[in-house]
Amino acid sequence: MDNNIKVTMMGLGYIGLPTAALIASKGIHVLGVDVQQQVVDTINSGKIHIVEPALDGLVKHDVERGYLKASITTEKSDVFLIAVPTPFKGNNHEPDLAYVESATRMILPQLEEGNLFIIESTSPVGTTEKMAELIFTERPELKDKIYIAYCPERVLPGNVIYELKNNDRAIGGINEPSTNKACEFYRLFVSGELHKTNARTAEMTKLVENASRDVQIAFANELSMICDEANIDIWELIKLANKHPRVNILQPGTGVGGHCIAVDPWFIVSEFKEKAKIIRTAREINNYKTEWVIEKIKNIALEFEIKEGRKPIIACMGLAFKPDIDDLRESPALYVTKSLINQKFNVLSIEPNVKYYKNIKLTALNEALEQADIFVYLVKHKEFIHTYNKQSNQLNFCGL
Ligand SMILES: NC(=O)c1ccc[n+]([C@@H]2O[C@H](COP(=O)([O-])OP(=O)(O)OC[C@H]3O[C@@H](n4cnc5c(N)ncnc54)[C@H](O)[C@@H]3O)[C@@H](O)[C@H]2O)c1
């Protein structure tokens, strides 16, 4: 495969846009398709709608050179990539494949013999086979005439461009020719190793990567609550335990957030209910940690009120799901802040990475430092580090 191909990227969010931009930077014509007109317009004007270092320059360059174009409609292509959301739905956390299916349906009329169709969205096991079935049901003449594969994304928000290029990839087709074709495609822009497998294993690889992180963080979060009761400094404890050459305990936090780690383990639990015991418990512990943080803050607020005769002003430091990004999806810090606001506490919300968030008034860090009585550090943003000095009115939930 050479650069003389056309690629369509379905979904221009945190994954789709950087991937599309990276491919276009190799001199490959990329059409980015999104259902949001505003996203399409922003990209076509050479700008971006998400915060990701180095992405703005790359997109501007690609658009100016004519290699990247966005649209709300699909066109004929050689390669189609799917990077649309895969949330869960309902109390049983069932995976919601509606976006993947609708994106697949949008490209159905464009598919031609020899095309390569790749799902990058994090997906429950069997999704690629399901989409293959959908394609071959609607377009039976394409059976065995197109290539279909799954290739999960494992980039770190904040370092996406580097990791897209350099991370290893697991690539699994619905058959061997599909795996090989997908590998040829990724070789055009990935310098990390490409590991060949089948679609089901590639799907599960992504899910267990995130479940593994979730379980390890749950261990740290459980320890943090035990240590609080035992009057032991969790941060010191972990530092000491990690001096053991074969121990590596992760850092506890306000909970676990983001589109991946807080979501993907459910895709395993919902499908393998009886077997996925640790994975389920880890999810429950990490969710419980967030409730525990809320209770801690409420207790400190009550103590303040009893002592001072008035309700405290509480500064919630950080809303994002992890340090130094603007992504608030499934964020435990956001959940804590909303919960305190809903319970009528006097809350100042501080999030240096976001200018505006619906229904929550954001306060500048300087103002908060002057006004607040209690500071709850929920996210370890770099702007907060110099403001934390272990005062009794500062609660450190994020390892400052
Ligand atoms: N964000 C991450 O760090 C990360 C990492 C690894 C994997 N993933 C996975 O990648 C997938 C995409 O995640 P994201 O973070 O980029 O999501 P996102 O919400 O940032 O972006 C998804 C985009 O898809 C668009 N969209 C929805 N339906 C569409 C359709 N039918 N056709 C075209 N566009 C459509 C949305 O408008 C949105 O702009 C998810 O499955 C996610 O789990 C995300």
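Refer to the structure printed above.
Model, not experiment: these values are computed from the prediction. Within each chain, residues carry numbers counting from 1 in the order of the written sequence. Only residues with pLDDT of at least 70 are given local features in this predicted model, and only at 80 or more are side-chain atom pairs given and counted; all residues enter the totals for whole chains, interfaces and linings. Only hydrogens and water are set aside when side-chain values are computed; all heavy atoms of the structure are taken into account.

A. Layout of the pairing of strand β2 (residues 29-33). Most of β2 sits out of view: four of its five residues are buried. By the bridge criterion, five bridges tie strand β1 (residues 6-10) to β2 in an arrangement that is parallel. Opposite methionine 10, over in β2, you have valine 33 as the bridge partner. With respect to chirality, the unit in which β1 leads through helix α1 (residues 16-25) into the neighbouring parallel β2 is right-handed. Two strands form a pair only when DSSP identifies at least two bridges running between them. Helix and strand assignments follow DSSP, with helices taken as H or I runs no shorter than four residues and strands as E runs no shorter than two, numbered in order from the N terminus. In terms of strand pairing, β2 meets strand β3 (residues 68-71) through four bridges, oriented parallel. When the sheet's bridge partners are listed, glycine 32 is paired in β3 with alanine 70. The classification of residues rests on relative accessible area computed with a 1.4 Å probe and restricted to protein chains. Under 20% of the type maximum is buried, over 50% is exposed, and intermediate values are partly exposed. By convention a crossover is right-handed if, when the strands point away from the viewer, the path from the first strand over the helix to the second runs clockwise.

B. Quick peek at the packing of aromatic side chains. Stacked, edge-to-face and tilted are the three classes for Phe, Tyr and Trp ring pairs, Trp counted by its six-membered ring, which pair at centre distances within 6.5 Å; planes under 30 degrees apart are stacked, over 60 edge-to-face, the rest tilted. What the rule picks out here adds up to five aromatic pairs. With a centroid separation of 5.3 Å and 75° between ring planes, the pair formed by tyrosine 377 and tyrosine 388 is classed as edge-to-face. Within this pair, whereas tyrosine 377 is found in strand β13 (residues 374-377), its partner tyrosine 388 is found in the loop between β13 and β14 (394-396), the two being separated by 11 residues in sequence. This pair shows no difference in class: tyrosine 377 is buried, exactly as tyrosine 388 is. One aromatic cluster in this structure is built from Phe185, Tyr186 and Phe189.

C. Broad picture of the site of the ligand. Taken together, 26 residues form the shell around the ligand, and within it Ile15, Asp34, Gln36, Thr86 and Ser102 come nearest. The definition of a polar contact used here is a pair of N or O atoms within 3.5 Å, where within protein one atom must be able to donate a hydrogen and the other to accept one, and adjacent residues in sequence count solely through side-chain atom pairs. Within the backbone of glycine 11, an N or O atom sits 3.4 Å from a nitrogen atom of the ligand. The contact in question runs from an oxygen atom of the ligand to an N or O atom on the side chain of aspartate 34, over 2.6 Å. Here the accessible surface of atoms and residues is derived via Shrake-Rupley with a 1.4 Å probe, and residues count as covered only by protein chains that are part of the display. In the complex, 92% of the free accessible area of the ligand, which totals 830 Å², lies under the protein chains. Sort the elements by how many residues they give to the shell around the ligand and helix α4 (residues 98-107) lands first, with four residues. Any residue with a heavy atom lying within 4 Å of a molecule or strand is counted as near it.

D. Spatial organisation of the nonpolar core. In this description, a nonpolar core means a group of buried Ala, Val, Leu, Ile, Met, Phe, Trp, Tyr and Cys residues linked to one another through side-chain atoms lying within 4.5 Å. Counting 42 residues, the largest nonpolar core has Val7, Ile43, Leu81, Ile118, Phe185 and Tyr186 as its most contacted members. The leading source of residues in this core is α1, at six residues. Those residues in contact with tyrosine 186, other than ones at most four positions away along the chain, are Leu81, Ile118, Glu120, Cys151, Arg169, Ile171 and Leu194. Ile107, Leu108, Ile148 and Ala202 belong to the second-largest nonpolar core, a separate cluster that totals 25 residues. Note on contacts: a residue pair is in contact if any heavy atoms of the two residues lie within 4.5 Å.

E. Molecular detail of the side chain of asparagine 396. Considering the arrangement of structural elements, one finds asparagine 396 in strand β14. Of the residues examined, asparagine 396 reaches a relative accessible area of 14% and is grouped as buried. Side-chain polar atoms of asparagine 396 contact the backbone nitrogen of glycine 399, separated by 2.9 Å. When residues no more than four places from it in sequence are discounted, the contact partners of asparagine 396 are Trp235, Tyr377 and Tyr388.

F. Highlighting the sheet that holds strand β7 (residues 116-119). Spatially, β3-β2-β1-β4-β7-β8-β9-β10 is the arrangement adopted by the eight strands of the open sheet, whose pairing is mixed. The open sheet has two free edges, formed respectively by β3 and β10 (194-198), since each of these has just one partner strand. Neighbour-to-neighbour, the strand axes of the sheet open up by a mean angle of 25°, direction not taken into account. Across the sheet, helix α5 (residues 127-138) is in contact with β7 and β8 (147-150); its angle to β8 comes to roughly 155°. Inter-axis angles, ranging from 0 to 180 degrees, are taken between N-to-C directions of lines fitted to C-alpha atoms, where helices are fitted over the stretch in contact.

This is a description of form; function is not addressed.
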